[in-house]
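# Per-entry structural report
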Amino acid sequence: MAISAADVKNLREMTGVGMMDCKKALTECDGDIDKAIEYLREKGLAASAKKAGRIAAEGMAYATVIDGVGVVVEVNAETDFVGKNEKFQNFVKGVAAVVAKEDPKDLEALMAAPYGNGRTVEQERQEMVLVIGENIQVRRFARFAANTSTPYIHAGGKIGVLVNFKVDGGIDATEIAKDVAMQIAALNPRFWDKSQVSQDVLDEEKKIMMAQMANDPKMASKPEQVREKIVMGKLNKFYSENCLLQQEFVRGDVFTGTVEQYIADAAKKLGGKIDFVDAVRFEKGEGIEKKQENFAEEIASMIKG
């Protein structure tokens, strides 16, 4: 029998399941809404969709190199407990492997890509939701196919960092890259190099600094030329605080100077040359508004049934 668009829309609103799955369910059940709902529940899709509205801000950030391709991904779950689950971790690693192999252009393409077991990444995600019982979302990914990538995972997946170097001279830059990745994880610089700081950002910083001096009795009386000179000095400090390569290298036990100087010095000692190309830093749940649990209300609702 013909399935109307209104029936598909109705079933979708009742279950939260995707349009194509709703249409398939109605077709399989000869247009019977109740049977279609039962069909979707048996397939686990309705339960999966119900969980999809719940906030997933935990999980893990994961970085790796597969066949020379650097990958970093973030996959979220609802609780920190699930982030430690072996099945969940294997799924995250599987997603990273798909990114390395398939080179998806965006998140939509990644979810439609083959996971490697006859299912797409999206179908495997739905399977994980059913098995684990929490909302699971693949949030973001990055991929470096060129040059030499080095991964770093902090605190079991709280932060994932991928550093990309151009290495000349046949040297092994792994330890140098890991040191830089650890600095990125710890200090989370806004920019990699001062050349990336736009004029708009500099103008805003300069405006703030000039306003601060205008409100300082000791500074307000100084000639404008003097204040301009002071501002330029403060902008250099801005670079050293906000730009990775201009930051002071945190491992003072290894090297004293900036990150840029450390990379050059370490490469020279190994008999080669290293250029910092790019990096990615993903922090688990960054920017996601986490749900504030009210356990008293939760227990009260359970008692009421």
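Now for a description of the structure that goes with this document. (Residues numbered from 1 in each chain as written. Predicted model: local features only at pLDDT ≥ 70, side-chain atom pairs only at ≥ 80, totals over all residues. Heavy atoms only, no water.)

### What about the side chain of Glu134?
Note on placement: Glu134 falls in the loop between helix H8 (121-132) and strand S3 (137-144). Of the residues examined, Glu134 reaches a relative accessible area of 10% and is grouped as buried. A distance of 2.8 Å separates a polar side-chain atom of Glu134 from the backbone nitrogen of Glu78. (Helix = DSSP H or I, 4+ residues; strand = E, 2+ residues; numbered from the N terminus. Buried < 20%, exposed > 50% of the residue type's maximum accessible area, 1.4 Å probe, protein only. Polar contact = N/O pair within 3.5 Å; in protein donor to acceptor, adjacent residues only side chain to side chain.)

### Structural notes on the nonpolar core
The tendency in soluble globular proteins is for nonpolar side chains to be buried as a group. Counting residues in each nonpolar core, the largest one holds 27 residues, and the members touching the most others are Val73, Phe88, Phe91, Val95, Leu110 and Ile136. Among the secondary structure elements, those contributing two or more residues to this core are strand S1 (60-66), strand S2 (69-76), helix H6 (86-102), helix H7 (107-112), H8 and S3. Those residues in contact with Ile136, other than ones at most four positions away along the chain, are Val75, Asn76, Ala77, Phe88, Phe91, Arg125, Met128 and Val129. Counting 26 residues, the second-largest nonpolar core is a separate cluster that includes Val163, Ile176, Ala177 and Ile184. (Core = buried A, V, L, I, M, F, W, Y, C linked by side-chain atoms within 4.5 Å. Contact = heavy atoms within 4.5 Å.)

### Let's talk about the sheet that holds strand S6 (residues 273-283)
In spatial order, the strands read S4-S5-S6; together these three strands make up an open sheet with antiparallel pairing. At either end of the open sheet lies a strand with only one pairing partner, and these are strand S4 (148-154) and S6. Within the sheet, the average angular offset between the axes of one strand and its neighbour, ignoring direction, is 20°. Alignment of S4 against strand S5 (residues 159-168), held across seven bridges, turns out to be antiparallel. If you follow Ile153 over to S5, its bridge partner there is Gly160. In the packing of helix H9 (residues 174-187) onto the sheet, contacts are made with S4, S5 and S6, and the angle to S5 comes to roughly 140°. (Pairing = 2+ DSSP bridges. Axes fitted to C-alpha atoms, helices over the stretch in contact; angles between N-to-C directions.)

### Examining the sheet that holds S1
Two pairing modes exist for strands in a sheet, parallel and antiparallel, and in both the strands are linked by backbone hydrogen bonds. Taken in spatial order, the three strands line up as S1-S2-S3 in an open sheet, and their pairing is antiparallel. Strands at the two margins of the open sheet, each flanked by one partner only, are S1 and S3. Mean inter-strand twist for the sheet, computed between neighbouring axes without regard to direction, equals 15°. Where S1 lies against S2, seven bridges are found, and the strand directions are antiparallel. Counterpart to Ile66 in the pairing with S2 is Val69. Packed onto the sheet, H6 meets S1, S2 and S3 and runs at close to 140° relative to S2.

### A word on the packing of helix H2 (residues 19-28) against helix H3 (residues 33-42)
Running from N to C, H2 and H3 cross one another at 120°; their axes reach a closest spacing of 8 Å. In terms of orientation, H2 lies oblique with respect to H3. Here H2 and H3 pass one another in a crossing that is right-handed. Seen from H2, the contacting residues are Asp21, Cys22, Lys24, Ala25, Leu26 and Glu28; seen from H3, they are Ile33, Ala36, Tyr39 and Leu40. Of the residues in the contact of H2 with H3, the class split is seven nonpolar, no polar and three charged. (Parallel < 35°, antiparallel > 145°, perpendicular 65-115°, else oblique. Left-handed = near helix turned anticlockwise from the far one by under 90°. Nonpolar A, V, L, I, M, F, W, Y, C, P; charged D, E, K, R; others polar.)

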